[in-house]
Amino acid sequence: MPHDRRFNLGYINIFASSKAHVSVKNEQLVLTNEQKQIDYPLADVSSVMLENRESSISIYALSKLATYNILVFICDETHLPNGVVLPYNSYYQTLTQYNLQMKMPKPLQKQLWQALVKNKIANQNQVLNLCGGYDELKPLIGAVLSDDSTNVEAKASLVYFKALFGNQFVRRDDNVINACLNYGYAIIRGFMARSITAHGLLPFLGIHHANQLNNFNLADDLMEVFRPVVDLFVKQKLSAVIELTPAVKAELYNLMNVEVSVGRARYSLDYAIELLVQNFIKSAKEKSNCLMPITLQGLEIHQYE
C-alpha cells in the first residue's frame, strides 16, 4: 500500500542541536555533521528540529519534507523555536474544509470550547494528583459553561500553577521554569498546526481564540488539552535544572512520544493530536460535539508496534 504523505504519522522526531546539514537522497533524510552521517526513511520521520543557526538544509530537502508532511522547526538566536515549515496545498478538498469551518454554528463552537476547557482542567487536576496533590481543580470542571463564559479556565490556571510551582510563581516571569514551559508549548503548537493544515483547515480561524495577528488561532484552541503534559514534565523532571540546555530541550521535544489516552485507547501525543483534529472535523460535519476526552497518564513513552 503506498504511503499516504498527506497524513504522515512517522514516529521519529529528529533533534539537531549541533551544526548539521540536512538533505534527502533515495527517499531517505540524510543528517550530516563533522563526525558522522545518519539516514532516516522519510516515511518514518514526523519532525525535524534545527536548533543550531549554523545548520543548513537544501531546497530539495525542504520540498520533500513538505511532500511527506514532515514538520520542520527553526530556532532563533536564543535557540527557541520561532518558526515552522508547514506543508502547502496538501489536502485535496480545501474548499470543502473551508466551508465546514465557516458554516460551523456558533453554539457548536461554544460547546467545543467548553469541552476543551473542561478537558484541560481535568488534565491539570491529574498533574496535581500525580505530583502528590489533591483534587483541587475537580470542582471547577463542572463549573465550565458554554464558551467558558465565566472564564473558569483562568481561575483554574491561577490555582494550578501556584499549587504546582509555589505561591511566588508567576507565569510571565523570566525564569527557567517558564522557559521550559514555553519551549514545550511551542513544540506542541507546531505539531498541532501541522495536523490542521494537513487536513485542509485554516489555522487562523479559531473557535475561541480570535486574534487578528495570530496565524494559529485554531491550533491555540485545540492544543490546550495537551499543555499539562509539559507542565508535568517540568515539575517532575526539572526541579534541579538551572538553565534550558540542549539536553533538556531534547527531552521536551521527545514529549511528543509520551503516551496519552484518547477515549479508551492509548496513543502517542503526536498521534493524539491527529485524532483530535479528526474529531474536530467530525464535529463540524455532524454539527455536534464529537471530541473524545484526552487523558494524561504520566510520562511513559508510547511503545510503537
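Refer to the preceding data block for the structure.
The structure presented is a predicted model; accordingly, all values stated were derived computationally and were not measured.

Caption draft 1: Inspection of a nonpolar patch on the surface at higher detail. A grouping of L95, Y98 and M102 is seen on the molecular surface, where their side chains present a nonpolar patch of about 310 Å² in accessible area. With respect to the helices and strands, the residue L95 is situated in helix α2 (residues 94-102). With a relative accessible area of 60%, L95 lands in the exposed category.

Caption draft 2: Highlighting the nonpolar core. Of all hydrophobic cores here, the largest spans 72 residues; its most connected members are M192, L222, F226, V234, L252, L276 and F280. With ten residues, the single largest contributor to this core is helix α6 (residues 176-198). Not counting the four nearest positions on each side in its chain, F280 is found in contact with M104, L112, L201, I207, L218, L222 and L291. With 18 residues, the next largest nonpolar core counts L31, Y68, I70 and V72 among its residues.

Caption draft 3: Broad picture of the packing of aromatic side chains. Scanning the entire structure with this criterion turns up eight aromatic pairs. Considering the side-chain rings of F161 and F165, the 6.5 Å spacing of their centres and the 15° angle between planes classify their relative orientation as stacked. Of this pair, F161 and F165 both sit in helix α5 (residues 152-165), four residues apart, which is roughly one turn of the helix. Seen in terms of ring centroids, F165 and F169 are 5.1 Å apart; in terms of plane orientation they differ by 50°. Their pairing is tilted. The burial state of F165 is the same as that of F169; both residues are buried. Each member of the aromatic cluster is reached from another via a ring pair, and the members are F15, F73, F191 and Y253. The residue whose ring lies beneath R227 is Y185, and the NZ or CZ to ring-centre distance is 4.5 Å.

Calculation criteria
- Residues numbered from 1 in each chain as written.
- Predicted model: local features only at pLDDT ≥ 70, side-chain atom pairs only at ≥ 80, totals over all residues.
- Heavy atoms only, no water.
- Patch = residues over 30% accessible without salt bridge, like charges linked within 9 Å, V, L, I, M, F, W, Y side chains within 5 Å.
- Areas by Shrake-Rupley, 256 points an atom, 1.4 Å probe, with all protein chains shown as cover.
- Salt bridge = Lys/Arg side-chain N within 4 Å of Asp/Glu carboxyl O.
- Helix = DSSP H or I, 4+ residues; strand = E, 2+ residues; numbered from the N terminus.
- Buried < 20%, exposed > 50% of the residue type's maximum accessible area, 1.4 Å probe, protein only.
- Core = buried A, V, L, I, M, F, W, Y, C linked by side-chain atoms within 4.5 Å.
- Contact = heavy atoms within 4.5 Å.
- Phe/Tyr/Trp six-rings, centres within 6.5 Å; stacked < 30°, edge-to-face > 60°.
- Lys NZ or Arg CZ within 6 Å of the ring centre and 35° of its normal.

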